[in-house]
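# Reading the structure
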Amino acid sequence: MKIGIFDSGIGGVTVLNRVRYKYPDIDIVFFGDTLRLPYGEKTKEQILTYSREIVKFLIDKEVSVILIACNTATSLALDELKNEFNLPIIGTIDPVVDKLISKNYNNVGLIATSSTVNSNKYFEAIKNRNKDINLISKATPLFVPVIEEGITKGPIIDELCNVYIDNMKDKIESLILGCTHYSTIENSISTKYPNIEIVNSSFEIVDELEKYISDRNNKKGKVEFYISGSQDKFRSNIKKIFGIEDANIYGGNINV
């Protein structure tokens, strides 16, 4: 079996790693749209165009299921993509909301890109399930470019947490990491705010994948990375942040 995963950048690798941990025999095709990141400041029309192109690319690679490892693309494009393409496409939001409902939280924080926050998709999904949950949303646009520079801890991350999270820290029980990039700074956030339980969209989306898994075997799955921007920068980042070496990375003009 082969699945597709896409994101604007290295955030989606947190989803890929989780898939590899749970399903080591599954083949994966990953697309990182690093040439056009950050997605969080793009329009709905742009995100929908990019997402359509990438889904078509992944279908050409003969994947059976696609994970949108991007909260922005989930917020702005998932509904249209599911209507247009005849294969399972899984987004990040519904699995996160399922986790929240199961935990019976009353006061929840959300940090995400501007596009994700402004879409109100998390707010709508939560209120449709439980009107009593109070959601505090905060757009946190500087995290993604900092993480894409390979910075996942230290004074810069701490200062951004001060700016983005401090005002809500005493008002919430749980914090949604509403961007898969933010999974790379989960340890920094948890250390700084130990009394807040983190809900990680990178983990929850993979749990949703289970119902589509078939054709299991004992072989080691293959992973192919396709990168629209710099292959060298992506290779350096996944080695520095995730310890991934000798990855099969392709790029250049891949006609997406």
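Residues numbered from 1 in each chain as written. Predicted model: local features only at pLDDT ≥ 70, side-chain atom pairs only at ≥ 80, totals over all residues. Heavy atoms only, no water.

The omega torsion across L37 and P38 is 0 degrees, close enough to zero to call that bond cis. Following the sequence through the fold, P38 ends up in the loop between β2 (27–32) and α2 (44–60). In this structure, N104 takes a positive phi of about 60 degrees despite not being glycine. Relative to the helices and strands, N104 is located in the loop between α4 (93–103) and β5 (107–112). A positive phi angle is found at D246, which is not glycine, with a value near 60 degrees. As for its position among the elements, D246 is in the loop between α11 (231–242) and β10 (248–251). (Helix = DSSP H or I, 4+ residues; strand = E, 2+ residues; numbered from the N terminus.)

Before going further, it helps to examine the side chain of S119. Counting through the fold element by element, S119 comes out in helix α5 (residues 114–119). From its side chain, S119 meets the backbone oxygen of T116 in a polar contact 2.7 Å long. Setting aside its immediate chain neighbours within four residues, S119 contacts S75, L76 and E124. (Polar contact = N/O pair within 3.5 Å; in protein donor to acceptor, adjacent residues only side chain to side chain. Contact = heavy atoms within 4.5 Å.)

This part covers the sheet that holds strand β8 (residues 197–200). Across the sheet, which stays open at both edges, the four strands sit in the order β6-β5-β7-β8 with parallel pairing between neighbours. A single partner strand is all that each edge strand has here, and the edge strands are β6 (134–139) and β8. Along the sheet, successive strands turn relative to each other by an average axial angle of 25 degrees, direction set aside. Across the sheet, helix α6 (residues 121–129) lies against β5, β6 and β7 (174–178), angled at about 170 degrees from β6, the strand it touches most. (Pairing = 2+ DSSP bridges. Axes fitted to C-alpha atoms, helices over the stretch in contact; angles between N-to-C directions.)

As a further point, take the pattern of salt bridges. Applying the stated criterion across every chain, the model contains 12 salt bridges. K121 is the partner of D79 in a salt bridge, and the nearest nitrogen-oxygen pair spans 3.3 Å. Of this pair, D79 sits in helix α3 (residues 71–84) while K121 sits in helix α6, and the two are 42 residues apart along the sequence. What makes D79 partly exposed here is its relative accessible area of 45%. We classify K121 as partly exposed; its relative accessible area is 27%. Notably, a salt bridge pairs D98 with R129, separated by 2.7 Å at the nearest N-O pair. Pair noted here: D98 is in helix α4 and R129 is in helix α6, with a separation of 31 residues, a long-range link. Overall, R129 belongs to the partly exposed group, its relative accessible area being 45%. Linked through salt bridges whose partners overlap, the residues forming this network are D33, R36 and E53. (Salt bridge = Lys/Arg side-chain N within 4 Å of Asp/Glu carboxyl O. Buried < 20%, exposed > 50% of the residue type's maximum accessible area, 1.4 Å probe, protein only.)

Unfilled space is identified by rolling a water-sized probe across the atoms. Estimated volume of the largest pocket: approximately 330 Å³. Forming the boundary of the largest pocket are 17 residues, of which S183, T184, I185, N187 and I241 lie nearest the centre. Mapped by element, the contributors of at least two residues to the lining of the largest pocket are α1 (12–22), α9 (186–192) and α11. For the lining of the largest pocket, the class distribution of residues is four nonpolar, nine polar and four charged. (1 Å grid on protein atoms, 1.4 Å probe; cavity = no way out; pocket = protein on both sides within 12 Å on 5 of 7 lines; lining within 4 Å. Points joined across faces, edges and corners; volume = space filled by probe spheres on them. Nonpolar A, V, L, I, M, F, W, Y, C, P; charged D, E, K, R; others polar.)

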